[in-house]
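Residues per chain are reported as follows:
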Amino acid sequence: MNALIPRGIRNNNPGNLDYVGQPGAHLETGVPYPRFAAFPTMADGIRALRDQLLRYAERGLTTVASIISVYAPPTENVTSAYIASLCRHMGVQADTVLDLRDPATMRGLIEGITTMENGPGHISPAQIDQALQAAPAQPPPAIEA
């Protein structure tokens, strides 16, 4: 394991989703306190992030502020900085209602989250687009992050 590669990239989990029994995933290995999911491919990890974001939308979390306040809570993150960075990346306000069924909006949100979670340069827009060609889960399974 190369510790210089961010954990989310090593785990094919660029959103750093907690392991909660996602289909095809397993609990990460090789770390003292395993917590995060490890997916078979990066595309699987990107789709799992998309599916989690769609579950949030179903619960009424449709702004950057509402999504990130749950996704990256202040108990673990500087949530206000995370929200501000994501808003700059997407060109929206924290309280702008997002249409997460819009492919460009979803790509922008995933680009921003994966950059915040792993640093720049690990996931390309083309990788995200290719992974998102798969249809969203119908309906997304009821798994909480």
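First, a word on what this report is: a plain description of the structure on this page.

The rules behind the values
- Residues numbered from 1 in each chain as written.
- Predicted model: local features only at pLDDT ≥ 70, side-chain atom pairs only at ≥ 80, totals over all residues.
- Heavy atoms only, no water.
- Helix = DSSP H or I, 4+ residues; strand = E, 2+ residues; numbered from the N terminus.
- Buried < 20%, exposed > 50% of the residue type's maximum accessible area, 1.4 Å probe, protein only.
- Contact = heavy atoms within 4.5 Å.
- Salt bridge = Lys/Arg side-chain N within 4 Å of Asp/Glu carboxyl O.
- Axes fitted to C-alpha atoms, helices over the stretch in contact; angles between N-to-C directions.
- Left-handed = near helix turned anticlockwise from the far one by under 90°.
- Nonpolar A, V, L, I, M, F, W, Y, C, P; charged D, E, K, R; others polar.

So, the environment of I113
On the secondary structure map, I113 appears in helix α5 (residues 103-118). On the basis of relative accessibility, which here comes to 0%, the residue I113 falls in the buried class. Considered as a pair, I113 and L49 are 64 residues apart in the sequence and their alpha carbons are 9.3 Å apart. Look past the residues within four positions of I113 in its chain and what remains in contact with it is G15, L49, L53, I68, Y71, Y82 and L86.

Describing the pattern of salt bridges
It is possible for side chains bearing opposite charge to pair when their charged atoms get close. Under the criterion given, the structure shown has 6 salt bridges. A salt bridge links R35 to E76; its shortest N-O distance comes to 2.9 Å. Here E76 lies in the loop between α3 (64-71) and α4 (79-90) and R35 lies in the loop between β1 (26-27) and β2 (37-38), a separation of 41 residues in the sequence. D44 is paired through a salt bridge with R47; the nearest N and O atoms lie 2.9 Å apart. Of this pair, D44 and R47 both sit in helix α2 (residues 42-58), 3 residues apart, which is roughly one turn of that helix. Three or more residues joined by partner-sharing salt bridges are found here, namely D18, R35 and E76.

Details of the packing of α2 against α3
Remark: α2 packs on α3, axes separated minimally by 11 Å, with the N-to-C direction vectors making an angle of 115 degrees. Our pair here, α2 against α3, has a crossing hand that is right-handed. Residue-level inspection shows L49, L53 and Y56 of α2 in contact with α3, the latter providing I67, V70 and Y71. Split into classes, the residues belonging to the contact of α2 with α3 amount to 6 nonpolar, no polar and no charged.

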